[in-house]
Amino acid sequence: MDGERLTIAVTGLNATDNPGPGVAVIRALREAPGFAGRIVGLAYDTLEPGIYARDLVPDVFLLPYPSQGIEALEARLRYIHGRIPLDAVIPTLDSELPSFIALEGTLSELGIGTFLPTREQFDLRAKAGLPALGERAGILVPASRVVTDVEALYGIHREIPYPLYVKGLFYGAALACSVDEAVQAFHRVVAQWGLPVIVQTRVDGEELDVVALGDGRGGLVGALPMRKTWLTDKGKGWAGVAIRDPELEAMAVRFMAATRWRGPCELEVMRDRQDRYHLLEVNPRFPAWVYLAAGAGLNLPWATALLATGREPPPLGPHRVGTMFVRISLDQIADIADFERMATAGELGGGGRTG
Amino acid sequence: MSKPRYERPVLIRHEAGLMNKFGRVQALRPLTEIDGAAVDELVAAYGSPLFVFSERTLVERARELKEAFARRWPRVRLAWSYKTNYLGGICRIFHREGAFAEVVSDFEYDKALGLGVPPDHIHWNGPYKTDAALTRALAGGAIVHLDHFDELAAAERIAERLDLRPSVALRISLSVEGVPEWSRFGFHLESGQARDAVARLVAGNRLELVGLHCHLGTFIADVRAYGEQARKLARLANEIRERHGVRLGFIDIGGGFASHNTLKEQYLPGTQATPPFSRYAEAVIEGLCELTCPAREQPLLVLETGRALVDDAGTLIATVHANKRLPDGRRGVVLDAGVNVLFTAFWYRHDVVPCQETHGTPEPTVLFGPLCMNIDVIRDSLLLPPLQVGDRIALRNCGAYNVTQWMQFITYRPAVVLVGDGGRHALLRRCETLDDVVGPEQTPPWL
Amino acid sequence: MGATDKLKDLALSESGFVFDPYTGSTFSANDTGRKILDGLRRGLDRDAIAAELRQGWDGVPDDLGRDIDDFVLLLRRQHLLPPDFSL
């Protein structure tokens, strides 16, 4: 069967011990039976490991950091599109999404498709706004407070008992068992991600996760629930298993209906000892473990690529319950000449060939 | 064959997290003109450093704000926040757009009167109004926002003395999640103080309560905070109506909307993080919808937006005086403008754009001002292409607070110009001279 | 080891990419920087390096010596030249 000859750009090649989702998205795309195109990797740093996975990502370009503003990103994307005409781009990092959302119209005029939430939806699920969203969607959300001043932490235990989580606006979460730890975590989070900081009640129980794709009209294209079976010391899932959990899938449906979410997202959920489901966080992009979805027969990255290019994805699911992922670290061998190309030219590959 | 153009030699070490040559400076076109006025021409005419205001941006921002709210609420008033920028020419533009004045001192009140603003078009805020000031304001018919019980009592005494029944508003402080509470101003809502103040004012029967005012804070980019503020004010207004039969003429939500600047502790630049006025308006109106009064009695909505209107319109042009290599390898650039004129450099990462074509590899650069003080740093690290002595740079979004909070320290404060239609330009304030500075000085007779 | 011996062992490519085999550090130099590195490796003195820059580029400033000294300072700071080296 001839596949779709699409050229898809994917960000988030930072496959470190706290990995970005890019490599997983690329592997999912490459394995889609319908895909026969070209993958372009987009990176922010010369040492992002995914850059050197040359079999997966033959063409890579550096992008300006999100903090450099939209004009810089637009100029760079225009350049890349001139080198390799792109059909779609799938951004996978929280901090870059506001710029890609802002550029959606420009990219569309250039013929580059995206399938992203609106800025309103993006803000709605922000950690600071989660309680309000939970109320609207009929989903339990742990009590949380937005904190802009370290002073507020000294009385926080009256509302949120220790231990509690101190979270950054985009990334980063630290468990604090005392005021001292909370203050320390506050400063660490602010130094990296700025204000405000979110303080959230810790809910004990079993960590569950859903990767989902919304159609932007209130419907769910597909969702894969997963239970983390192994956590790293940083609390990241290192192994997990696809499960069947009607409650969790219903939560994804309610979330889509309440937000009319467009594009991928990850719902981080805790099931407490009374079997209640608490929505801890909504990430507005694919999780790093999204390859499990492809492995379980629910290729959401491919469906996203099709939707981004104005195509209707084939009906998805049901997924294969019991499919597992077990992550592995391995050391790639890289040529210093490739590093040199990235450091000096900011790109690798980029030739005229296709396929 | 022609030779390549010379670039200053650089060597940049590759470090994780810093290995990205694609920054905004490379993508930016130089800022060679502002609304049709060439930067070179402006500097030749008025000197450097130079504040340049765009009339077009001022008008556009004011109309954008007004329209965003007027589309959603029947009656909206802008009261121009004088402290943000009280240059006469700037104030005139806002008054021409229909704005009242919002003042916080005797000086600002005089300034507004001097610009021809009638007293009943002036909202008077702030915690410090002397008896003399209060007398003038109440006698003149200004809209006084009372800040504390002593002021309430003083206003009553003055009203009695003048045999007047002046219209006043109460400033309310309230708590909204995620916003540091400015509880030192006004009557506190959650503690019940605001209700006490209303009851006291009504019982005193000397003043007419016509409005509620609340200013949440500064540079608030979370629109939900305004939704919460408006909701709380609306509920208080409902309560006042039910309990005392008082029909309020206005609800004033103060200012504090974020401009397109970037705070130092902000990750994303302001161009991405700052919500448009329409989103503030949506949130505020959603909150005001809790008002239970009949539609025809709905209060006027007063906005005291300052920063978000004027910040984007102001640009500071500075000239490179020297280049130096710092011991840590970064490049230092000494400019003719420092924190003495760009006070806001203490809390913003001001956007920097060269005003001429640049050539060469961007390097980590520190921008210093001309003062002999270590704190005189305009930007502490950013990537900039090589700048030559005499080159100009533009610091954007400098319109708010700088030309009111600037310091006269060891040198003169620079000129401020307005660029209008078709690139025409004129002074808003000339550069200071020795006479301006020493004029008020007196010599004790024994010296 | 002579003052500029370490420079001779650097891997210096056309693109301005510099690899220090002793420390594993890498750098980027622009074209004029590469020219100065190259001159130092060949043992040229300040005047000879300046002459080569003037020959190869347009718009070279009068106080070119200052740019060269500044570049040498960067090399010293990166331990590619001994701390007491000066041209």
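Residues numbered from 1 in each chain as written. Chains lettered and ligands numbered in written order. Predicted model: local features only at pLDDT ≥ 70, side-chain atom pairs only at ≥ 80, totals over all residues. Heavy atoms only, no water.

Enquirer: Teacher, can you tell me more about the sheet that holds strand β3 (residues 59-62) of chain A here?
Expert: Backbone-to-backbone hydrogen bonds join strands into a sheet, with any given pair of strands oriented parallel or antiparallel. Residues and elements named next belong to chain A. The mixed open sheet is built from five strands, whose spatial order is β4-β1-β2-β3-β15. In this open sheet, the two edge strands, each paired with only one partner strand, are β4 (88-90) and β15 (347-348). Bridge count for strand β1 (residues 7-11) against strand β2 (residues 38-43) is five bridges, and the pairing is parallel. Paired with Ile8 across the two strands is Ile39, which belongs to β2. (Pairing = 2+ DSSP bridges. Helix = DSSP H or I, 4+ residues; strand = E, 2+ residues; numbered from the N terminus.)

Enquirer: So what exactly am I meant to see when it comes to the interface of chain B and chain A here?
Expert: Put simply, an interface is often sized by how much accessible area is lost when its parts join up. Listed by partner, the interface residues are 25 residues for chain B and 39 residues for chain A. Where chain B abuts chain A, roughly 2700 Å² becomes buried across the two surfaces, and 55% of that area is made up of carbon and sulfur atoms. Between the two partners, chain B and chain A, sit two salt bridges. In this assembly, chain B and chain A are joined by five residue pairs in polar contact (both at pLDDT 80 or more). Of all the secondary-structure elements, those providing two or more residues to the side of chain B that touches chain A are α1 (24-27) and α10 (270-273) of chain B. Its residues assigned to classes, the side of chain B that touches chain A comprises 12 nonpolar, six polar and seven charged. (Contact = heavy atoms within 4.5 Å. Buried area = accessible area lost by both parts, 1.4 Å probe. Salt bridge = Lys/Arg side-chain N within 4 Å of Asp/Glu carboxyl O. Polar contact = N/O pair within 3.5 Å; in protein donor to acceptor, adjacent residues only side chain to side chain. Nonpolar A, V, L, I, M, F, W, Y, C, P; charged D, E, K, R; others polar.)

Enquirer: Sorry if this is basic, but what is going on with the packing of helix α9 (residues 223-244) of chain B against helix α11 (residues 277-288) of chain B here?
Expert: When two helices pack together, their arrangement is given by the angle between their axes and by how far apart the axes lie. Residues and elements named next belong to chain B. Contact geometry for α9 and α11: axes closest at 7 Å, N-to-C directions at 25°. The orientation of α9 with respect to α11, classified from their angle, is roughly parallel. Between α9 and α11 lies a crossing of right-handed hand. Facing α9, whose interface residues are Val223, Tyr226, Gly227, Ala230, Arg231 and Ala234, α11 presents Arg279, Tyr280, Ala283, Val284, Gly287 and Leu288. Grouping the amino acids of the contact of α9 with α11 by side-chain chemistry returns eight nonpolar, two polar and two charged. (Axes fitted to C-alpha atoms, helices over the stretch in contact; angles between N-to-C directions. Parallel < 35°, antiparallel > 145°, perpendicular 65-115°, else oblique. Left-handed = near helix turned anticlockwise from the far one by under 90°.)

Enquirer: Is there a simple way to explain the nonpolar core in this structure?
Expert: Generally speaking, a soluble globular protein has its nonpolar side chains buried in company with each other. B:Phe53, B:Phe69, B:Tyr82, B:Leu170 and B:Ile172 are the most contacted members of the largest nonpolar core, which totals 118 residues. The dominant element in this core, judged by the number of residues it contributes, is α9(B), at nine residues. Viewed by domain, this core spans two of them, domain 1 (24-53 + 313-431) and domain 2 (55-311) of chain B, each represented by three or more residues. Setting aside anything within four residues of it in sequence, one finds B:Ile172 in contact with B:Phe187, B:Leu189, B:Ala194, B:Leu212, B:His213, B:Cys214, B:His215, B:Leu233 and B:Leu236. Listed in part, the 48 residues of the second largest apolar core include A:Leu29, A:Ile90, A:Met342 and A:Leu348. (Core = buried A, V, L, I, M, F, W, Y, C linked by side-chain atoms within 4.5 Å. Buried < 20%, exposed > 50% of the residue type's maximum accessible area, 1.4 Å probe, protein only. Domains from an automatic or database assignment.)

Enquirer: Sorry, what's going on with the interface of chain C and chain A here?
Expert: Of the residues lining the interface, six residues belong to chain C; the matching set on chain A comes to five residues. Contact between chain C and chain A buries roughly 460 Å² in total, counting both sides, with carbon and sulfur atoms accounting for 70%. Interface area lost by chain C to chain A is led by C:Ser15, C:Phe17 and C:Ser28, which between them contribute 71%. At the boundary of chain C and chain A, one finds zero salt bridges.

Enquirer: What's the story with the domain arrangement of chain B in this structure? I'm lost.
Expert: Residues and elements named next belong to chain B. Domains assigned within chain B are domain 1 (24-53 + 313-431) and domain 2 (55-311). Placing a centre on the C-alpha atoms of domain 1 and another on those of domain 2 gives a separation of 33 Å. Contact residues are listed per partner, giving 24 residues for domain 1 and 25 residues for domain 2. Summed over both sides, the interface of domain 1 with domain 2 buries roughly 2200 Å², with 51% coming from carbon and sulfur. It is Tyr348, Arg349 and Tyr401 in domain 1 that bury the most area against domain 2; as a group they hold 31% of the surface buried on that side. Put simply, Asp35 and Arg56 hold a salt bridge, and the shortest N to O gap is 3.0 Å. Linking domain 1 to domain 2 there are 20 residue pairs in polar contact (both at pLDDT 80 or more). Secondary-structure elements contributing two or more residues to the side of domain 1 that touches domain 2 are α13 (402-405), β20 (415-419) and β21 (425-429). Sorting elements by how many residues they give to the side of domain 1 that touches domain 2 places β20 first, with three residues. Its residues placed into classes, the side of domain 1 that touches domain 2 shows 14 nonpolar, six polar and four charged.

Enquirer: Would you explain the sheet that holds strand β11 (residues 237-242) of chain A in this entry?
Expert: Residue and element names in this part refer to chain A. Pairing is antiparallel across the open sheet formed by six strands, whose spatial order is β13-β12-β9-β10-β11-β14. With one partner strand each, in any of the chains shown, β13 (277-283) and β14 (324-326) form the two edges of the open sheet. Along the sheet, successive strands turn relative to each other by an average axial angle of 30°, direction set aside. Bridge count for strand β12 (residues 262-271) against β13 is six bridges, and the pairing is antiparallel. Residue Glu268 lies in a different strand from β13, and its bridge partner there is Glu281. Packing against the sheet, helix α8 (residues 246-259) makes contact with β9 (206-215), β10 (220-231), β12 and β13, and its axis sits at approximately 40° to β9.

Enquirer: Mind showing me how you'd approach unusual backbone geometry here?
Expert: Most of the time, phi is negative for any residue but glycine, and the peptide bond is trans. Put simply, A:Tyr162 and A:Pro163 share a cis peptide bond, and its omega is -5°. Within the secondary structure layout, A:Pro163 lies in the loop between β5 (144-147) and β6 (164-167). Residue B:Pro49 is bonded to the preceding B:Ser48 through a cis peptide linkage, with omega at -5°. Along the chain, B:Pro49 falls in the loop between α2 (39-46) and β4 (50-54). Of note, the phi angle at A:Asp275 is positive, near 60°, even though the residue is not glycine. Within the element layout of this structure, A:Asp275 appears in the loop between β12 and β13. A positive phi angle is found at B:Ile410, which is not glycine, with a value near 55°. Structurally, B:Ile410 can be placed in the loop between α13 and β20.

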